[in-house]
2 protein chains.
Amino acid sequence: MENKKLIEFNKILSKHAPPFRDRAELERGKYDFAIAYPDPGSLPLDGLLAALKDGLSDEGQDLALYPDVQGYAPLREYVSYKLKRDRAMTVDPEQVVLGDGSSQHISTIIDLLIDNGDAVITEDFCYSNSLTKLRISGADIHGVRCDKSGMKPDNLEMVIADLVAQDKRPKLIYTIPTFQNPQGWTMTLERRKALLDIASFYEIPILEDDCYVDLRFEGDNVPAIHSLDLTGQVMYVGSFSKTIAPGLRMGYFVGPEEIIGRFRMVRKISGSGVNEFAALAIHRYAMSGLDDHVEQLLKIQRDRRDTMIATLGETFGSNAKWSTPEGGLYLWLQMPESVDLNEVTKEALEAGVGYQPGTMFAADAGSGQNYARLCFGYNSSEEISKGIEVLSDLFSQKGFF
Amino acid sequence: MENKKLIEFNKILSKHAPPFRDRAELERGKYDFAIAYPDPGSLPLDGLLAALKDGLSDEGQDLALYPDVQGYAPLREYVSYKLKRDRAMTVDPEQVVLGDGSSQHISTIIDLLIDNGDAVITEDFCYSNSLTKLRISGADIHGVRCDKSGMKPDNLEMVIADLVAQDKRPKLIYTIPTFQNPQGWTMTLERRKALLDIASFYEIPILEDDCYVDLRFEGDNVPAIHSLDLTGQVMYVGSFSKTIAPGLRMGYFVGPEEIIGRFRMVRKISGSGVNEFAALAIHRYAMSGLDDHVEQLLKIQRDRRDTMIATLGETFGSNAKWSTPEGGLYLWLQMPESVDLNEVTKEALEAGVGYQPGTMFAADAGSGQNYARLCFGYNSSEEISKGIEVLSDLFSQKGFF
């Protein structure tokens, strides 16, 4: 019984297997404006270690057990408390599911709701990982036009009404209302209410991605869409990635029991709950040092935003426009329409500057060639200043201005 | 535009959404023979904390970055080294993907390969979470008869040949060859070779679930099926859950590049790699104290197995049979055919004893009512002895003997 033929795995994949992804290492610039990282120098490593020590001393033996499918209960209680305090949301800890950052939750929701061909509403430019997941799921993505106040309600309603008229009622509205990724604006209260009214009228659930909300360094807090909802149609994700560290992979989902029950099953059969070791550390740290840490972090990040904007003013001047976000980790650069920033991404990286071109965030997968997202979380102010100068020199050489 | 109608989420779920799972807390017995936990008292908490301290001191600032989609590279290198040392497997670290225990990997492989109706081969009784995931994916599960040496090759070939004749070539053979869960046997070398030959002839990939292999406390090591494979058809999962702790959620997958590339995409869009905080601790600990820890652990677990078997001999005597595993965390209790252990599971729990009835592990979802898996990892020898006595008393009251 000899055969020894190599199995061709690509020929036996399931119909819903995602596409192949190359190993390709992420190339990072010295001036890394590409990814929305927090400041590495101010990570609360000592605080986390001390918090973990406390946690292990109190209940370390419970690491012998498989974690709760919704994640460590005391951390879910903290999330419930925090959402009440910061977002005016009334959420029972039983409605909270912990997971690997917010991405894992967004991915799960898309799996739970979206079949091939289902219509989904997003902002015209939004988080690229969510778009990738939607595309792999076969979603028919419709980007709604936005201005500095968020999604434009008239456009939103037109897009939905069109789809409903074609018997393609959208399955989901995905929005990042606060320090929108990548555009940087925050949706106004009025717009949030309008969005909720439209979604409610057409009976479309909303997934509110609020993962940057804790990073407000100026301006007034705007209530979560979830807090304004009377119909139970808003699901919500948040994260500790931006306030503690991405490497701890900890985010939270809030939603209706009908959806949470599916999350439980997904967790039960694919990993049995979130990392309890990290959860113990985050919980103890959140109960002690987190608020002070975020306060310090925001000072640093405001300075960096200010530096980036000041240097853009000095070097790009009237040749470009950019958003001035009241928080978050990035701004949205707009070059003249004739400019294609995709073309120079590689050259910029060779010169030391990483950024993500606008097309990466385009709901229609093609627009935005003259836009880029510039993150200011990772580098020092001095480096940011230098990096923007390098970028300006390159763009000038390229004849962009 | 007032409506305020509640969205009925159960009516808008995707076709592939899993069933609802109740919140129901896991009820645990004082004598908890239900779950394959390691000993809580000997978890290496101090070692992990010291290891994490080292890791954070060396490269804690990298927690500001999103982890590698395949997981922390030094830990993948350690896994490669360990698999060579312990399992004679030649595996490049680039072929390793870290994840939340082994379950997450098993779940991903099932997602990547199985469409509704696809045939899958398993052992007649095997890990319940894998069966649940297979059922949710619509797999047509065929359990192969096993004896104390593993799957019976003649039955395996008959089942496959039957399916192939119906043009239903199985997509996957899932096996737990070492300290089989729940049966406790270890597949002999001869049987491993026979399995590989049959799978190779019919060009069916194998998923080798080796997550208990590090827990051998007597007898000789049997080579991994993966190490015998010349055709690249064997995928492999292992775990640190049983040697360090389940709460750290860390396991590893080894497979061909065509499959790894899909794992990368799954990870990219759903959580961006495994928890780096836990990975740092596990890596430093694996490089220092793990081997000594496992040696200590095995002494404890052998004692507990011996106690459980001795007490079964004293109390159940000739009224039952049980496996004598050379490692792992459980044995397989067989009562006379007329006995239905499902019926008394609840009563046993009220009396303080948790166990999982055989039907939970049945590939055909019905057999095994007179079997139960009894885990001996969690309780002390004294508790194990007492718990088996309680169970024996209950079974005797029930007229089982």
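Residues numbered from 1 in each chain as written. Chains lettered and ligands numbered in written order. Predicted model: local features only at pLDDT ≥ 70, side-chain atom pairs only at ≥ 80, totals over all residues. Heavy atoms only, no water.

Re the packing of aromatic side chains
What the rule picks out here adds up to 35 aromatic pairs over all chains. Both rings, one in Phe 125 of chain B and one in Trp 332 of chain B, keep their centres 5.4 Å apart while their planes meet at 55°; by these two values the pair is tilted. Residue Phe 125 of chain B is found in the loop between β3 (119–123) and α4 (128–136), and its partner Trp 332 of chain B is found in strand β12 (residues 330–334); the two are separated by 207 residues along the sequence. In this structure, Phe 125 of chain B and Trp 332 of chain B share a single accessibility class: buried. The rings of Phe 316, Tyr 355, Phe 395, Phe 400 and Phe 401 of chain A are connected pair by pair, giving a single aromatic cluster. (Phe/Tyr/Trp six-rings, centres within 6.5 Å; stacked < 30°, edge-to-face > 60°. Helix = DSSP H or I, 4+ residues; strand = E, 2+ residues; numbered from the N terminus. Buried < 20%, exposed > 50% of the residue type's maximum accessible area, 1.4 Å probe, protein only.)

Quick word on the pairing of strand β4 (residues 140–144) of chain A
Residue and element names in this part refer to chain A. Bridge count between strand β3 (residues 119–123) and β4: five bridges; the pairing is parallel. Across the sheet, Ile 121 pairs through a bridge with His 142, a residue of β4. In this view, the connection linking β3 to its parallel neighbour β4 by way of helix α4 (residues 128–136) has right-handed handedness. (Pairing = 2+ DSSP bridges. Right-handed = clockwise from strand over helix to strand, strands pointing away.)

A look at the sheet that holds strand β9 (residues 234–239) of chain A
Residues and elements named next belong to chain A. The seven strands lie next to each other as β2-β10-β9-β8-β7-β3-β4, forming an open sheet whose pairing is mixed. A strand with exactly one partner marks an edge of an open sheet, and here the two such strands are β2 (96–99) and β4. Direction aside, neighbouring strands of the sheet carry axes that sit 20° apart on average. Looking at chain direction, β3 and strand β7 (residues 172–175) are connected through two bridges and run parallel. By the bridge assignment, Val 120 is partnered in β7 with Leu 172. Together, β7, β8 (206–209) and β9 form the strand contacts of helix α6 (residues 189–201), whose direction differs from that of β8 by roughly 155°. (Axes fitted to C-alpha atoms, helices over the stretch in contact; angles between N-to-C directions. Contact = heavy atoms within 4.5 Å.)

Side note on the interface of chain A and chain B
Contacts between the two partners involve 102 residues from chain A and, on the opposite side, 102 residues from chain B. Along the contact surface separating chain A from chain B lie five salt bridges. One salt bridge connects Arg 23 of chain A with Asp 68 of chain B, and the closest N-O pair in it is separated by 2.7 Å. Counting every contact that joins chain A to chain B gives 36 residue pairs in polar contact (both at pLDDT 80 or more). Among the elements of the structure, α1 (45–59), α3 (103–113), α4, α6, α8 (257–268) and α9 (276–288) of chain A are those that each provide at least two residues to the side of chain A that touches chain B. Top element by residues in the side of chain A that touches chain B is α8 of chain A. It accounts for nine residues. (Salt bridge = Lys/Arg side-chain N within 4 Å of Asp/Glu carboxyl O. Polar contact = N/O pair within 3.5 Å; in protein donor to acceptor, adjacent residues only side chain to side chain.)

Side note on the environment of Val 159 of chain B
All names here are of chain B. Within the secondary structure, Val 159 sits in helix α5 (residues 153–165). Val 159 sits in the buried class, given a relative accessible area of 13%. Here the alpha-carbon distance between Val 159 and Gly 143, two residues 16 residues apart in the chain, equals 8.6 Å. If we ignore the near neighbours within four places in the chain, the residues touching Val 159 are Ile 121 and His 142.

Comments concerning α1 of chain A
A rise of 1.5 Å per residue sets the reference length of α1 of chain A, with its 15 residues, at 21 Å; its end C-alpha atoms lie 21 Å apart and thus fit the reference within 8%. Those residues of α1 of chain A not exposed but buried are Leu 45, Leu 48, Leu 49, Ala 51, Leu 52, Gly 55 and Leu 56 of chain A. Projected onto a plane normal to the axis of α1 of chain A, the buried residues spread over an arc of 165° and lie on a single side. Residues Asp 46, Lys 53, Ser 57 and Asp 58 of chain A are exposed on α1 of chain A and point more than 90 degrees away from its buried face. Residues of α1 of chain A that are buried make contact with α9 of chain A together with α1 (45–59) and α9 (276–288) of chain B. (Expected span 1.5 Å × (residues − 1). Arc of directions from axis to C-beta.)

Re the relation of the copies chain A and chain B
Superposition record for chain A on chain B: RMSD 0.0 Å, screw rotation 180°, translation along axis 0.0 Å. Taken together, the rotation and translation relating the two chain copies correspond to the operation of a two-fold axis. Closest to the rotation axis within chain A is the C-alpha of Ala 278 of chain A, separated from it by 3.3 Å. Most of the interface of chain A is mirrored in chain B, where 100% of its interface residues again form contacts. (Least-squares fit on C-alpha atoms with pLDDT ≥ 70 in both.)

Section: the domain arrangement of chain A
Residues and elements named next belong to chain A. According to the domain assignment, chain A contains domain 1 (19–44 + 292–397) and domain 2 (46–288). Relative placement of domain 1 and domain 2: their C-alpha centres are 24 Å apart. Scanning the region where domain 1 abuts domain 2 turns up two salt bridges. Among the salt bridges present, the one from Glu 326 reaches Arg 216, with a minimum N-O distance of 2.7 Å. Elements with a minimum of two residues in the side of domain 1 that touches domain 2: α10 (290–315) and β12 (330–334). At seven residues, α10 tops the list of elements feeding residues into the side of domain 1 that touches domain 2. Taken together, the residues of the side of domain 1 that touches domain 2 sort by class into 19 nonpolar, eight polar and four charged. (Domains from an automatic or database assignment. Nonpolar A, V, L, I, M, F, W, Y, C, P; charged D, E, K, R; others polar.)

Re α8 of chain A
Between its first and last C-alpha, α8 of chain A extends 16 Å over 12 residues, near the 16 Å set by a 1.5 Å rise per residue. Within α8 of chain A the residues assigned to the buried category are Ile 259, Ile 260, Gly 261, Arg 262, Phe 263, Arg 264, Met 265 and Arg 267 of chain A. Here the buried face of α8 of chain A lies against β2, α3, β9 and β10 (251–254) of chain A together with α4 of chain B.

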